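Structure assessment
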Number of protein chains: 2
Amino acid sequence: MNTDPNPWQRVSTKIVYKNPWMQVREDQVVRPDGSPGMYGVVEVKDSVGIVALNDQDELYMIRSFSYPSAVWFWGLPGGGGEDQDAETAARRELLEETGISAADWRKLGTTRVSNGLLTERMTIFLARQLSFGERPLADDAGLIEQGRFMSLEAIDQLIESGEVDDAQSITGVYLAHRWLARR
Amino acid sequence: MNTDPNPWQRVSTKIVYKNPWMQVREDQVVRPDGSPGMYGVVEVKDSVGIVALNDQDELYMIRSFSYPSAVWFWGLPGGGGEDQDAETAARRELLEETGISAADWRKLGTTRVSNGLLTERMTIFLARQLSFGERPLADDAGLIEQGRFMSLEAIDQLIESGEVDDAQSITGVYLAHRWLARR
């Protein structure tokens, strides 16, 4: 990882907006070119995404609704970390959203969701040796409509057609491809 | 694309925070399960990312600093759309950040940056038949330290090592892989 210094100077900071899921911080700064300015940062909890792979190398996808974008989409299970360690959060999210438990967990990577605005880091896990409860324990208050296993090739097609269109899920699919190619 | 109805009802809405780059909207809602609640949405302009490919199928990457995450990273050129149409914005961002002009442009895809919080959509373009100005025209006030062409294999390695770690760039790299595999 890079250890070069932060080229920005923070002169002062204050929280200017807050709700239960995020807060907005306004920093008075000196920019890398020496000019003064303000930077608004949205602070949110870190999150997790889960690549749940069955014995046929199919991946479990769920269909849910993005309120900010007002669209239905197919994507990876996952969600907010809620102050748990990432693997605990991933186990909880997978069980809640899909009813799946997994015996084998490994971390595929940690990604930043937004370069310019959010603090959110999403840890993506690979879950294998899957077993199923009778039904999802919770589904985020009706937000998840359905779920099913899909081959990577089918998911690639859904990305091409725009039915999988969030950068978080596409990043997980990329990491799944890489893991399978290396195995 | 999916045409199922929005399972949320919006009862009222107001802007509760605003700066030059974003605004926060609080919606009073009825959730899909019928319970009342509030949803905070961060409204930002759409953005663009550019996969600039040279005649050796190498991709131009830049090294810049994420203020919200306080890290240096390698990633794709790109940035805010600033109310331009996406291709115009992509041509401007590529030229400003790298000094590169391209004769051949095509859209690789449009992705949502965040499922739960942001309205941002990022359009990712493939730029080819590249030519170089003497130097980048601007570099976002000193935010970009260096840039160079890298092979896809080298970028895959940087993703594995965490030096390319933003979901926006990884999504662009995924789309570049797919385009090259189909060509």
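In this report, we go over the structure that sits alongside the text. Remember, it's a predicted structure, so these values are computed and weren't measured experimentally. (Residues numbered from 1 in each chain as written. Chains lettered and ligands numbered in written order. Predicted model: local features only at pLDDT ≥ 70, side-chain atom pairs only at ≥ 80, totals over all residues. Heavy atoms only, no water.)

**Structural notes on the interface of chain B and chain A**
The cut-off we apply is this: Any two residues having at least one pair of non-hydrogen atoms within 4.5 Å are treated as being in contact. Buried area counts how much accessible surface, traced with a 1.4 Å probe, disappears from two parts once they are put together, with both parts' losses summed. Between Lys or Arg on one side and Asp or Glu on the other, a salt bridge is scored when a side-chain nitrogen of the former is within 4 Å of a carboxyl oxygen of the latter. Definition of a polar contact: a pair of N or O atoms within 3.5 Å, with one able to donate and the other able to accept a hydrogen when the atoms are protein atoms, and with sequence-neighbouring residues admitted only if both atoms are side-chain atoms. Labels follow the DSSP assignment, with helices taken as runs of H or I lasting at least four residues and strands as runs of E lasting at least two, numbered in each case from the N terminus. Residues were grouped as follows: Ala, Val, Leu, Ile, Met, Phe, Trp, Tyr, Cys and Pro as nonpolar; Asp, Glu, Lys and Arg as charged; and all remaining residues, including Gly, as polar.
Of the residues lining the interface, 69 residues belong to chain B; the matching set on chain A comes to 69 residues. Of the roughly 6000 Å² buried between chain B and chain A on both sides combined, carbon and sulfur atoms contribute 59%. The largest contributions to the chain B side of the interface with chain A come from Tyr67, Arg112 and Tyr174 of chain B, which together make up 14% of the buried area. At the boundary of chain B and chain A, one finds ten salt bridges. Between Asp4 of chain A and Arg63 of chain B there is a salt bridge, with its nearest N and O atoms 3.0 Å apart. Where chain B touches chain A, the interface holds 28 residue pairs in polar contact (both at pLDDT 80 or more). Going through the elements one at a time, strand S1 (9–19), strand S2 (22–30), strand S3 (36–44), strand S5 (59–66), strand S6 (71–75), strand S8 (100–112), helix H2 (152–161) and helix H3 (167–182) of chain B are the ones with two or more residues in the side of chain B that touches chain A. When its residues are assigned to classes, the side of chain B that touches chain A shows 34 nonpolar, 19 polar and 16 charged.

**Brief notes about the side chain of Glu93 of chain A**
Residues and elements named next belong to chain A. Let me state the cut-off plainly: The cut-offs for exposure are 20% and 50% of the maximum accessible area for each residue type, with area from a 1.4 Å probe on protein chains only; residues under the lower value are buried, those over the upper are exposed, and the others partly exposed.
In this structure, Glu93 sits in helix H1 (residues 86–98). Look at Glu93 and you get buried, because its relative accessible area is 4%. Residues in contact with Glu93, not counting those within four places in the same chain, are Val48, Ile50, Gly78, Gly79 and Gly80.

**A short note on the pattern of salt bridges**
Enumeration according to the criterion identifies 28 salt bridges over all chains in this entry. A salt bridge links Arg92 of chain A to Glu96 of chain A; its shortest N-O distance comes to 3.6 Å. In this pair, Arg92 of chain A and Glu96 of chain A are both assigned in helix H1, four residues apart and thus about one turn of the helix distant. A salt bridge links Arg112 of chain A to Asp165 of chain B, with the shortest nitrogen-to-oxygen separation between them at 2.7 Å. Pair noted here: Arg112 of chain A is in strand S8 (residues 100–112) and Asp165 of chain B is in the loop between H2 and H3, and the two residues belong to different chains. The class of Arg112 of chain A is buried, set by a relative accessible area of 0%. By sharing partners, the salt bridges in this structure join Arg10, Arg25, Asp27 and Glu43 of chain A into a single network.

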